[in-house]
Amino acid sequence: WGVKELVTTGLSDDPAEINKIKSAATDFQRREEDRLNRLREMDAQAERILEDRKARRSTFDMPVSKEVSAEEIRRRQDEALKRMRDAKEAKRNAKRQSKEKGEEAKKIKKKKQKKEASSSSSSSASSSASSSSSSSSSASKTRKKGKKEKEKVVFEVRMDQLEKAQQAAPVPKPAAPLDP
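Criteria and cut-off values
- Residues numbered from 1 in each chain as written.
- Predicted model: local features only at pLDDT ≥ 70, side-chain atom pairs only at ≥ 80, totals over all residues.
- Heavy atoms only, no water.
- Helix = DSSP H or I, 4+ residues; strand = E, 2+ residues; numbered from the N terminus.
- Buried < 20%, exposed > 50% of the residue type's maximum accessible area, 1.4 Å probe, protein only.
- Contact = heavy atoms within 4.5 Å.
- Areas by Shrake-Rupley, 256 points an atom, 1.4 Å probe, with all protein chains shown as cover.
- Salt bridge = Lys/Arg side-chain N within 4 Å of Asp/Glu carboxyl O.
- Expected span 1.5 Å × (residues − 1).
- pLDDT = per-residue confidence, 0-100.
- Polar contact = N/O pair within 3.5 Å; in protein donor to acceptor, adjacent residues only side chain to side chain.

Asks: Kindly report on the overall build of the protein chain, identifying the contributing residues and their values.
Replies: When its secondary structure is counted, the protein chain shows six helices and zero strands. Starting at the N terminus and ending at the C terminus, the protein chain contains elements arranged as α-α-α-α-α-α. Per-residue burial for the protein chain yields a buried fraction of 7% across its 180 residues. In the protein chain, of all internal contacts separated by at least 6 residues, the share reaching a separation of at least 24 is 51%. Carbon and sulfur atoms provide 55% of the accessible area of the protein chain, an area that totals close to 16,500 Å².

Below is the structure:
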């Protein structure tokens, strides 16, 4: 409370400060006595306080407007809840529709990309140039496309080259394992 702090730091020789500290200490003691007296009084009157609270609790009546009945209040709350549910459902439906439209647009875009990629890979695969020239032609096409499309096209060209290589020289099947 501040009094103890001043006492522990040490007293000064100034009589004004000593009087100030003493008055603060007596004020603190007076407030503490008042608090303890109030607690004793409440303790002595505990039964009366409990009875008063019980009486107030038993006579408590929820203040309801005389103009509006309880059924009217319930009906209004139900309407408000219904409006909230409808708004929530409408928001969900709008979100689903926008998501579906976005997915449809993405599917169409992917189909176009696949079509372009397959036409570019088939043209590079059908060319009679070496694999280095086909990869360079696919690289020039991929510069125009985005990064993701670039990786996809390069991968498709490499898959075509792999298929050609497998057709030209089929991979031998592994021999049957030896039984010990």
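Asks: Describe the pattern of salt bridges, listing the residues and the values that go with them.
Replies: For the structure on display, the rule yields eight salt bridges. When the shortest N-O distance is used, the salt bridge between arginine 48 and aspartate 52 registers 3.0 Å. One end of the pair is arginine 48 and the other is aspartate 52, both in helix α3 (residues 46–59) and four residues apart, which spans about a single turn.

Asks: Describe in detail α3, supporting the description with residues and values.
Replies: In this model α3 runs 20 Å from its N-terminal to its C-terminal C-alpha over 14 residues, within 8% of the 20 Å that 1.5 Å per residue would give. Across the 14 residues of α3, zero count as buried, placing the element largely on the outside.

Asks: I'd love a proper account of the confidence of the model for the protein chain, names of residues and values included.
Replies: Per-residue pLDDT for the protein chain has a mean of 75; in total, 61% of the residues score no lower than 70. Element-level pLDDT for the protein chain is lowest in helix α5 (residues 131–144), with a mean of 49, against a maximum mean of 92 in helix α2 (residues 15–44). This model gives residues 125–139 a pLDDT under 50, and the stretch forms eight contacts once residues within four places in sequence are excluded.

Asks: Any details on the environment of serine 98? Residues and values, ideally.
Replies: In this fold, serine 98 is placed in helix α4 (residues 70–126). The partly exposed category is assigned to serine 98, whose relative accessible area is 46%. Of the polar contacts made by the side chain of serine 98, one reaches the backbone oxygen of lysine 95; its length is 2.9 Å.

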